[in-house]
Amino acid sequence: MMEIPETLKPLFALGCPALAAILILVFGRRPNLREGVTLLASLSQFSIILSMASRVVSGVKIQSYLFPIVPGISFGFRVDAFGLLFALTASSLWILVSIYSIGYMRALKEHAQTRFYFCFALAILGAVGVALSGNLVTMYIFYEILTISTYPLVAHEQSQEAIFAGRKYLAYLLTSGVFLLAAIVFTYATAQTTDFNPGGILSLTSSSRSTLITLFILFILGFMKAAYMPFHSWLPAAMVAPTPVSALLHAVAVVKAGVFGIVRTVAYIYGIDLMRELGLGILLASFAGVTMIVASLFAIAQDNLKRRLAYSTISQLSYIVFGVALLSPMGITGAILHIPFHGFMKITLFLCAGSILVASGKKNISEMGGIGHSMPITMLAFTVGALGMCGLPPACGFVSKWFLGLGTVEADSLLFLAVLLISSLLDVVYFFPIVYIAFFGDRERGTLNLSEGRMMKEAPLSMVIPLSITALFSIIFSFPNPITSMLFDLVRLAISH
Amino acid sequence: MKEEQGERDVIIETVARVMIPFIQLFALYVIIHGAGGPGGGFQGGVVFASGFILYIIAFNLAGGRKRFPESANTILSSVGLYIYAGIGLLAILFSFGAAQYLNYGFIPFTSHFEENRALGMDFVEMGIGITVMAIIASIFFDLAEKDEKQKEGEDG
Amino acid sequence: MLSFVEHLPVLVVVISLLSAITIFITGWINKKTAWYISTATLLSQFISSIFILHHVMTVGPIRYRLGGWVPPWGIEYVMDALNAYVLVILLFLGLVCVIYSKRNIDHELPDKGVSFYTVYQLLITGLCGITVTGDIFNMYVFIEITSLSAYALIASRGKIALKASFTYLVLGSIGACFFLLGIGFLYSVTGSLNIHDLSLLLPPLYGNRVVLAAFVFFIVGLSIKMALFPLHTWLPDAHAFAPAEISAMLSGIIIEISTYAFIRVAFSVFTARFLQSLPVFDILCWLAAAAIIIGSVLAISQTNLKRMLAYSSVANMGYIVLALGLSISARKAPWGGLNPSMMHILNHALMKGCLFLVAGAFIYKADLWEIRDFRGLGRRMPYTCAAFVIAALSMIGIPPSVGFVSKLYIILASIEAKKFFFVPVLLLSSLLNLIYFWRVIETMYMKRVEGKDSAHTSHELHLQKEEIPLGMLAPIWVLASLCVIMGILWLANIPIPLLNQINSTFGLGGIR
Amino acid sequence: MILSIDLILLFFVVLIAVAAITLRDLLSAVILLGAYSFLMALIWVELQSVDVGFTEAAVGAGATTAFLIAAVSRTTRWEKKK
Amino acid sequence: MEWFIAKIFAKYNYWIFIILMMIGFYGIVAKDNLIKKIIGLNIFQTAIFLYFISLGAVRGGTAPIVDEEIIRKGYVYANPLPHVLILTAIVVSVATTAVALSLVIRMNQEYGTIEESEIIQKLGEGGMTRTD
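To keep things clear, this report deals only with the structure shown in the data block.

Conventions used here
- Residues numbered from 1 in each chain as written.
- Chains lettered and ligands numbered in written order.
- Predicted model: local features only at pLDDT ≥ 70, side-chain atom pairs only at ≥ 80, totals over all residues.
- Heavy atoms only, no water.
- Contact = heavy atoms within 4.5 Å.
- Buried area = accessible area lost by both parts, 1.4 Å probe.
- Salt bridge = Lys/Arg side-chain N within 4 Å of Asp/Glu carboxyl O.
- Helix = DSSP H or I, 4+ residues; strand = E, 2+ residues; numbered from the N terminus.
- Nonpolar A, V, L, I, M, F, W, Y, C, P; charged D, E, K, R; others polar.
- Buried < 20%, exposed > 50% of the residue type's maximum accessible area, 1.4 Å probe, protein only.
- Polar contact = N/O pair within 3.5 Å; in protein donor to acceptor, adjacent residues only side chain to side chain.

## What about the interface of chain D and chain E?
In step 1: Contact residues are listed per partner, giving 42 residues for chain D and 51 residues for chain E.
In step 2: Interface of chain D and chain E: buried area, both sides summed, is about 3,800 Å²; carbon and sulfur atoms make up 74% of it.
In step 3: Our count for the chain D to chain E interface comes out at one salt bridge.
In step 4: Salt-bridge contacts for Lys36 of chain E lead to Glu79 of chain D; the nearest nitrogen and oxygen are separated by 2.9 Å.
In step 5: Elements with a minimum of two residues in the side of chain D that touches chain E: α1 (3–22), α2 (26–46) and α3 (50–74) of chain D.
In step 6: By residue number, the principal contributor to the side of chain D that touches chain E is α3 of chain D, which donates twelve residues.
In step 7: By residue class, the composition of the side of chain D that touches chain E is 27 nonpolar, seven polar and eight charged.

## Concerning the side chain of Ser199 of chain C
Residue and element names in this part refer to chain C.
In step 1: With respect to the helices and strands, the residue Ser199 is situated in helix α7 (residues 195–201).
In step 2: Overall, Ser199 belongs to the buried group, its relative accessible area being 14%.
In step 3: Among the polar contacts made by the side chain of Ser199, one reaches the main-chain carbonyl oxygen of His196 at a distance of 2.6 Å.
In step 4: Beyond its immediate sequence surroundings of up to four residues, Ser199 is in contact with Ser268 and Val269.

## Quick look at the interface of chain C and chain E
In step 1: Contact residues are listed per partner, giving 39 residues for chain C and 42 residues for chain E.
In step 2: With both sides pooled, the region where chain C packs onto chain E buries about 3,600 Å², and carbon together with sulfur makes up 76% of that total.
In step 3: When the buried surface of chain C facing chain E is broken down by residue, Lys163, Phe166 and Tyr187 of chain C rank first, second and third, together holding 19% of it.
In step 4: The interface formed by chain C and chain E holds one salt bridge in total.
In step 5: The partner of Lys163 of chain C in a salt bridge is Glu116 of chain E, with the nearest N and O atoms 3.3 Å apart.
In step 6: Counting every contact that joins chain C to chain E gives one residue pair in polar contact (both at pLDDT 80 or more).
In step 7: The dominant element in the side of chain C that touches chain E, judged by the number of residues it contributes, is helix α6 (residues 160–190) of chain C, at 18 residues.
In step 8: Taken together, the residues of the side of chain C that touches chain E break down into 22 nonpolar, seven polar and ten charged.

Pasting the structure below:
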């Protein structure tokens, strides 16, 4: 393969999905070619991003600025460890979800598949763009692309419910986009730049305390994609989307972009010291803590599997925000680690939910009695994911939660430790019944209700393989090996400045 | 104006017959004399057209249309505008781009610059006069004609 | 010796006039020629305008004395960066619309092709005239030529359009009379009509009440012409019921050329120094803010696509005027001065042009006016609808489209001017835009065709593609793609030197 | 200019303008508008602008009135009561 | 008091111009009949022309006609430029009137009335939104 100049790599990484989107439209009438393009693009994107990793790990920041927008802001990319981590997560999961969605979409004979793949590619473009961008304005551009391109995916069903969900989705996210724009403009007006700087850029300005706090609130409102409470209701509503969409976008790309933005703001715009000085960390952490617990309580009440997963996502995202808000190195380590880890675990869970839907048509947990016997691989993978969510070994969720716990200790806050533990306990409360029902539940009742004379068996191979891989990775991450050590290197780089 | 079948008024008809040539002659005078005294292409054109209007009022619409058909109207109004806009272009052409648009002095009607300028203006006045005459008349036709062929008024 | 380019400002106007006559004559012989002549003329005009722009950018302003008379007595045509820029925009959209009209006019105005193109060319003449002239009375005459042609073109659609056109005519005439009165007042104190001359004569008279009155008359007169908020009442009907390309021209060019006239009067005849001494621009800002909000809210309440777009135009004129109003206070910043308003003049022309042409395409193909009838249109006319989506997203302000750029610049300008109130107004308007445009997009793509709710696979087969002909699709797509391309170019600052040149003409603008 | 003539003319102009606006017979109103234009032309001639006066006489009193009469004859002669 | 009257009557042309403008404006705004509106518009425009002409007038001057005698004797003549402007403006006004009248006639064909309120009423009955 031809060697790409280093500064062009971010562009190429974004070029892959962009080109793929165009080709998908061109090959709209030829499914095999169309999906081949998707796969090829996802693979090449991942390899490009991976090739940047080795350089970034050695401490180099890959920068490529294209053109200045206004003085002090250029449209351009700056790949640092933190961004790369998110980009790696998104692009690697794109590969798996692509494979999975081929199976899913074909099995369910969904309509408008070209639109689906097209918007999917654009959404990845948005997510990776958010990850790699070097300043707030560039990030905003990709952030909005992400919002718009996922709307057709959410409303994919085109049923009344789906349209309503899509409307809600847009209403929340574009409103928040407006807040974000306002925040960015004011940031620029005070700091004359919006570049991400590990020490923060606002700390150097002489703005009043109240201005900075207001601005922070604007930022938080701007990152409504993080689905914190009380602005969360778009996420469960958006679960009407096809499962791969829920999986990638509502567990990984979209919500993670929101969380990513919050972390960026806290660590790179405000800076840890300024946050501590303003007392914003406590504020944010309390917010996140409340969301963690309340969302878990909501999750318990859900019978629809995907909705339960959605509430779980809301809760888990707040772990990340929570970890950052602790403003301690360990907390941030935990938060950053939780981004890829949660991505892998949650996607496993969603893919399992999709497989169940395809194989048996079941959506509700109460109907899944004994399903583990007919779909053993899927349900094993599900169990791994659930373990991780609860922070139990051997899944990787344990690692990140461990660091979060250390973070609370470091921050000298027993209250927050208690919150963390209670929330983990609640995770167990809503995840383990599923596992229990699947393996030990009333098999007769479950199968009689819904199988309609069909023999229940595993979903198609193209669906089972990706979910097994993600489950496998969820375990691998919790043991020392080259991949994990690279991750840790990246995290160490990200928090050291 | 009168309907086709309405009775004819001898006095009006006679007055019109006598007046119209004088009106038109006067109009021509006004057009030509525009540069040095009151009047000019526009006023002359209006006066000329008012001759037609008088004709229509005194006699009838169809007769007026016969005297001044639509084709004549089209050609006259365009020719007038061509003269008006074209003369200006000629100035540029004859001076090979040295003179500005409408700088009539450069058009070689005669050998004198000032005379050329005056002549050019007369031509322009004539062009305006023809156009205005045609357009005012055609607007009046359009407004007065009762056929269902719907046309919007030309704008001068 | 004048170079060829220096003749172009006047030739642009004259060619257009001559072509109007030629269309009239040849159309009388053969109706088919009208479109070809019109297109060829506009193409040559467009190319000339690019030459002019290049000349102005590289060499400097062109001053052209008509008939060789010296300025205070003779009419002078002046091309500086401002009007060269506006001229290019105007002729570009004019060209696009005339290409589009080839098929559309056969459908919307059968048998009226010749008179349509004649009057259209007169309209272009008037617009070019307003742009190139350096004489304020001459500007009045061209404004009236433009308006008269516009009245006739709107009325050509018949029925409701007649009423709309009449209302426009009455209001437009009043506006023009006010403009004329303003000219009279200025003339009575200075004795000059040449814009450059006036700008030299006026400064000692800035305290004079007659001068102030003249300024107010100019503002009121032009506000009617450019449909600034409380005076916008003629606009919605006129825009909604005109033929598609005329709607596009009205919304994209005609009201914006009135804005150009406003800028010319405010900054060239009067100067930034005069404007600073008055609170007029502050008042304009508030009016514009009201226009933005109320225009958007009224747009939401519309069920007819073209009316909705018309109200959106009211809101967008608000953007331009707001940017203008901020231009004095934010004069020093790189995004201050006239930059945001100039940007939005181009951007709005692109977006609204595209949207109105798309609305025309729906009427052309399926006779659809109401938004609720658009179900399943996304499948029937995929390319047209895609263009609509791009332009609509641009109106909402999704990056990297043009709408985002102008919004960003106006926000930056209002921060620079320390008028923070307008930031939430702009942001809110963005959301309001979202509501009314998204409703259309949703209906086109997401709502299922009635009676086919059960199986979505079957309605895919049922609906055949019914695209509009390429001659209409191409202009739409040119505009739609420019919405994105220009957005990127703006972000990359490529056209900014031009805007800076405009600003420096008026002593505005900043450091870059 | 002569003040008395000027004042008389202006007085009549205003009177006729009011009448032209208020009369319900459109044909009369139109004819009055012609008279108005003609008086206006006189005023202008009196104010030393022969050129404009001449034009107004031809256009305002002549062509415009003719147009209006044509229009009235094709529509209706009476304005409706409110 | 005398001073005041003198002040007011010194510029009587301008007062008449304003009165006429208001009469015309009243016609445009208050009258329901479209032809009346056009009459109002005409009065409005003519009033503005009156203002311009008054501007150019010079007390004791003559008409600005080129004549050997006038130049030789050094007569004061009125400023001719406003006259030229008004000529143009009259052209514009007659064109506007013509277009307006043709609109009125066609509206009469379509709706059978030239009263604005009735037209609006008929538009409302026919559904404002569609044209054909």
